[in-house]
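Chain by chain, the residues:
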Amino acid sequence: MKIINFILFTIIYFSASIVLMGNPYRPLAPGLIYVRYACIILCFTILILVYFRKKGLTITRFPSFFAFYIFIIWVLFSFSVILSEILHDSFPTQGMFFLLVVPFIYYTVMPYVTNLSGPVIHYSLFTANFIYILISFITVPVQFLPYYGIVANPNGFGQIGAIAVIAGIFLLFTLPSRRKLTKVLVCASVVLSLVGVILSSSRTSILVIGMVTLIFATYSIVIQKNMKPLLIIIFAGIISWFSPIKELFITGMVDKFSTFYNEGDLLNGRLGIWEIVFNDSALFGNGEDYFQKFFEGAHNSIVYILGVYGTVPALLLTIFLLLLIVIGFLNILKNKNDKFAIFPFVIIVTFFLFSMTEAMFGLIGNGITIAFYHVVGILLFKAKLKKEAKNSSPI
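Here the structure is a predicted model, which means the values were calculated and not measured. (Residues numbered from 1 in each chain as written. Predicted model: local features only at pLDDT ≥ 70, side-chain atom pairs only at ≥ 80, totals over all residues. Heavy atoms only, no water.)

Let's shift gears to a nonpolar patch on the surface. Taken together, the side chains of Phe 65, Phe 68, Tyr 69, Ile 72 and Leu 76 define a hydrophobic patch exposed on the protein surface, amounting to about 510 Å² of accessible area. With respect to the helices, strands and loops of the structure, Phe 65 is situated in helix 3 (residues 65-87). For Phe 65, a relative accessible area of 65% puts it in the exposed group. (Patch = residues over 30% accessible without salt bridge, like charges linked within 9 Å, V, L, I, M, F, W, Y side chains within 5 Å. Areas by Shrake-Rupley, 256 points an atom, 1.4 Å probe, with all protein chains shown as cover. Salt bridge = Lys/Arg side-chain N within 4 Å of Asp/Glu carboxyl O. Helix = DSSP H or I, 4+ residues; strand = E, 2+ residues; numbered from the N terminus. Buried < 20%, exposed > 50% of the residue type's maximum accessible area, 1.4 Å probe, protein only.)

Following this line, the structure appears as structure tokens:
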């Protein structure tokens, strides 16, 4: 069952991220769109069949009132999006997706199937994103910076690289000490992914990697009373400083910061867009075509929701995301002896940070969006899932 889950989730994360290979100026080829949806629908269908075969449809119970309140906020957010779409004479496709598909497939089915064989999310997330890094370096030579490989833009490539680094770090963090060869291979993959992030000159991706690395180091020192990860990070930093990685970082990242700083625009024009959106804000938004009048998109998930669906949905989504960070942190404190306990918190923080510079919500989203939904389901229904999975036999 574990290898089946690994394959299914890897395909889901990889297929979802195909969307990053296109943008408004370079649309995805129809063939890629068909492949993306075909793979995702096929994998979802298999997961749903396994779900019904193993447990059937039952009423969901929550592990705490806090989890229940967070879920209610998501429901209210979904209804507010539905209302916004109806008020703008649109069929409420997005709102119905948030209300029905996300709670069933992402919050319930995927976490339950994961629990049948143990956590494989980090394996799948790492593999799916590293495949993009590998294919990019093999098929697209590094001829100029910023580099973006087979992805449509540097920020998308940086995001994929950052997620591969983060999932890879967690793999190194949890792999048994006896699996030395696997650790060496994963370590080499993490380094290659980090090089990809630096070549992309994606400031957000570097920030996310730095923040997550700090979280891992703090967790090891404070919770596990282990200084080894911190020493490894310091050692890796020293080696990187005296390697070609330093020059790549200075050429790509530091120069980019300096250019935008000298031009007085560290956010690369995003602040102006956000200001217009806030000035145009209404209780239930301006409709799904609102951002077509901008040369660039929202570059922020909350701003996107604010512009399209309105103040009420944006406020509810903000509360939802902030409370998820809290419940993720509480999950770490309640499960100090479980190394996997930090993973939902890391994915939520990663998604939250990327959401501040990119619009991450959609009918499917990309790989990190689905991983985010996945760990939310693990947090909201964790007690019930563990209890039922314990009584389930493998396929």
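Next comes the rest of the write-up.
In this section: the nonpolar core. A general feature of soluble globular proteins is that nonpolar side chains tend to end up buried together. Counting residues in each nonpolar core, the largest one holds 115 residues, and the members touching the most others are Trp 74, Tyr 106, Tyr 107, Phe 320 and Phe 372. Top element by residues in this core is helix 4 (residues 93-117). It accounts for twelve residues. Excluding residues within four positions of it along the chain, Phe 320 makes contact with Ile 70, Ile 73, Trp 74, Tyr 107, Phe 372 and Val 376. (Core = buried A, V, L, I, M, F, W, Y, C linked by side-chain atoms within 4.5 Å. Contact = heavy atoms within 4.5 Å.)

With that settled, consider the environment of Ile 48. Locating Ile 48 in the fold gives a position in helix 2 (residues 30-54). With 61 residues separating them along the chain, Ile 48 and Val 109 place their C-alpha atoms 6.4 Å apart. Residues within four places of Ile 48 in sequence aside, it is in contact with Phe 104, Ile 105 and Val 109.

Our focus in this paragraph is the packing of aromatic side chains. Going through the model one piece at a time under the given rule, you end up with 32 aromatic pairs. Each ring, one from Phe 44 and one from Tyr 106, has its centre 5.7 Å from the other, and the planes form 75°; the classification is edge-to-face. Of this pair, Phe 44 sits in helix 2 while Tyr 106 sits in helix 4, and the two are 62 residues apart along the sequence. Both residues of the pair, Phe 44 and Tyr 106, belong to the buried class. (Phe/Tyr/Trp six-rings, centres within 6.5 Å; stacked < 30°, edge-to-face > 60°.)

What follows concerns the packing of helix 8 (residues 203-223) against helix 14 (residues 342-355). Orientation of helix 8 relative to helix 14, taken along the N-to-C sense of each, is 155°, at an axis distance of 10 Å. For the element pair helix 8 / helix 14, the angle class is roughly antiparallel. Crossing geometry of helix 8 relative to helix 14 is assigned as right-handed. Along its contact with helix 8, which presents Thr 204, Ser 205, Val 208, Met 211, Val 212, Ile 215, Phe 216 and Tyr 219, the element helix 14 presents Ile 342, Phe 345, Val 346, Val 349, Thr 350, Leu 353 and Phe 354. Class assignment for the residues of the contact of helix 8 with helix 14 results in twelve nonpolar, three polar and no charged. (Axes fitted to C-alpha atoms, helices over the stretch in contact; angles between N-to-C directions. Parallel < 35°, antiparallel > 145°, perpendicular 65-115°, else oblique. Left-handed = near helix turned anticlockwise from the far one by under 90°. Nonpolar A, V, L, I, M, F, W, Y, C, P; charged D, E, K, R; others polar.)

To continue, consider the side chain of Ser 189. Along the chain, Ser 189 falls in helix 7 (residues 180-200). A polar contact of 2.9 Å, which involves the side chain of Ser 189, links it to the backbone oxygen of Leu 185. If we ignore the near neighbours within four places in the chain, the residues touching Ser 189 are Phe 126 and Phe 130. (Polar contact = N/O pair within 3.5 Å; in protein donor to acceptor, adjacent residues only side chain to side chain.)

Mapped onto the elements of the fold, Tyr 107 is located in helix 4. A sequence separation of 267 residues divides Tyr 107 from His 374, and the C-alpha atoms of the two residues are 5.9 Å apart. Dropping the residues within four chain positions of it, Tyr 107 is found in contact with Phe 71, Trp 74, Val 102, Phe 320, Tyr 373, Val 376, Gly 377 and Phe 381.

Between its first and last C-alpha, helix 3 extends 33 Å over 23 residues, near the 33 Å set by a 1.5 Å rise per residue. After helix 3 finishes, the residue Asp 89 shows a positive phi value of roughly 60°. (Expected span 1.5 Å × (residues − 1).)

On to unusual backbone geometry, then. Here the phi dihedral of Asp 89 falls at roughly 60°; this positive angle occurs in a residue that is not glycine. Mapped onto the elements of the fold, Asp 89 is located in the loop between helix 3 and helix 4. Asp 89 gets classed as exposed once you look at its relative accessible area, which sits at 75%.

Take the confidence of the model for the protein next. In the predicted model, the protein carries a mean pLDDT of 82, and the fraction of residues at 70 or more is 82%. Averaged pLDDT values for the elements of the protein fall to 45 in helix 16 (residues 382-390) and rise to 94 in helix 3. Note on residues 383-395: pLDDT is under 50 here. Beyond four places in sequence and across chains, it has 28 contacts. (pLDDT = per-residue confidence, 0-100.)

The terminal C-alpha atoms of helix 8, which comprises 21 residues, lie 29 Å apart, in line with the 30 Å expected from a rise of 1.5 Å per residue. Taken together, the buried positions of helix 8 are occupied by Arg 203, Thr 204, Ser 205, Val 208, Ile 209, Val 212, Thr 213, Ile 215, Phe 216, Ala 217, Tyr 219 and Ser 220. Phi turns positive one or two residues past the end of helix 8, at Lys 225, with a value near 55°.

Two elements in contact, helix 13 (residues 311-334) and helix 15 (residues 367-380), have axes separated by 11 Å at closest approach and are oriented at 60°. Taken together, the axes of helix 13 and helix 15 are oblique relative to one another. Crossing geometry of helix 13 relative to helix 15 is assigned as left-handed. Of the residues in helix 15, those in contact with Phe 320, Leu 321, Leu 324, Ile 327, Gly 328 and Asn 331 of helix 13 are Phe 372, Val 376, Leu 379 and Leu 380.

This paragraph deals with the state of the cysteines. One pass over the structure, following the stated rule, counts zero disulfides. Here Cys 39 is not disulfide-linked; the sulfur of Cys 43 is the nearest cysteine sulfur, at 6.5 Å. According to the relative accessible area criterion, Cys 39 is partly exposed, its value standing at 26%. (Disulfide = S-S within 2.5 Å.)

With that settled, consider the environment of Gly 365. For Gly 365, the location among the structural elements is in the loop between helix 14 and helix 15. Once the C-alpha coordinates of Gly 365 and Tyr 13 are considered, the two residues, 352 residues apart in sequence, prove to be 9.8 Å apart. Gly 365 has contacts with Ala 16, Val 19, Arg 36 and Met 360, leaving out every residue within four places of it along the chain.

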